[in-house]
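Structural features, examined
Each chain, written out:
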Amino acid sequence: RITKLYLCGMTPAPPNAKVLKTALSSAAYVPYQHVASVADALKDLRSGGDVRLYGVETTSRSQSLWDLSIPNPQLTTTTTPSSTNEPNDSLVALIFGNELVGVDAQILGE
């Protein structure tokens, strides 16, 4: 479940008419925040606690999204017989770059 979108830099945000048309009313249901940079978004995410960051980008170290096991932030499952599913405070953040230059290499290095 998406709990928040960070729109960074020159990314258009509501109330931009083209964004609202493309979003098909989802702008009213998905919380978003416009920030100056990806670094600002990461700073805000990290201030909220444990967060797993995934840069969605093509690099020499990339893994296929189909092969990647992204944990469910709502449940933690362990292999011990006595364990139960417990809430996990870890959030998952996917970082997408822009169409022309992708995700900044410095951000990928974090």
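Residues numbered from 1 in each chain as written. Predicted model: local features only at pLDDT ≥ 70, side-chain atom pairs only at ≥ 80, totals over all residues. Heavy atoms only, no water.

Moving on to the overall build of the protein chain. On a plain count of helices and strands, the protein chain comes out with 3 helices and 4 strands. For the protein chain, the sequential pattern of α-helices and β-strands runs β-α-β-α-β-β-α. The buried share of the protein chain, reckoned over its 110 residues, is 15%. Accessible surface for the protein chain amounts to roughly 8800 Å². Of this, 55% is attributable to carbon and sulfur atoms. (Helix = DSSP H or I, 4+ residues; strand = E, 2+ residues; numbered from the N terminus. Buried < 20%, exposed > 50% of the residue type's maximum accessible area, 1.4 Å probe, protein only. Areas by Shrake-Rupley, 256 points an atom, 1.4 Å probe, with all protein chains shown as cover.)

A few words on the pattern of salt bridges. By the definition in use, this model includes 1 salt bridge. Taking the shortest distance from any N to any O, the salt bridge between Asp-44 and Lys-4 comes out at 3.9 Å. On the criterion of sequence distance, the pair formed by Asp-44 in helix 2 (residues 38-47) and Lys-4 in the segment before strand 1 (5-8) is long-range, its members being 40 residues apart. Overall, Asp-44 belongs to the partly exposed group, its relative accessible area being 31%. (Salt bridge = Lys/Arg side-chain N within 4 Å of Asp/Glu carboxyl O.)

Time to look at the nonpolar core. Residues Leu-42, Leu-45, Val-51, Ala-93, Ile-95, Val-103 and Ile-107 constitute the largest nonpolar core, which totals 7 residues. Elements with a contribution of two residues or more to this core: helix 2 and strand 4 (91-96). If near-sequence neighbours (up to four positions away) are discounted, Ile-107 is found in contact with Val-38, Ala-39, Leu-42 and Ile-95. (Core = buried A, V, L, I, M, F, W, Y, C linked by side-chain atoms within 4.5 Å. Contact = heavy atoms within 4.5 Å.)

As paired strands, strand 1 and strand 2 (residues 32-35) are joined by 4 bridges and run parallel to one another. Residue Tyr-6 lies in a different strand from strand 2, and its bridge partner there is Gln-33. Handedness of the crossover joining strand 1 and strand 2 through helix 1 (residues 17-23): right-handed. (Pairing = 2+ DSSP bridges. Right-handed = clockwise from strand over helix to strand, strands pointing away.)

Turning next to unusual backbone geometry. Here the amide bond leading from Pro-14 into Pro-15 is cis, since omega sits at 20°, within 30 degrees of zero. The backbone phi angle of Ser-25 is positive, close to 75°, even though this residue is not glycine. For Ser-25, the position within the fold is in the loop between helix 1 and strand 2.

These values are about where atoms sit, not about what they do.
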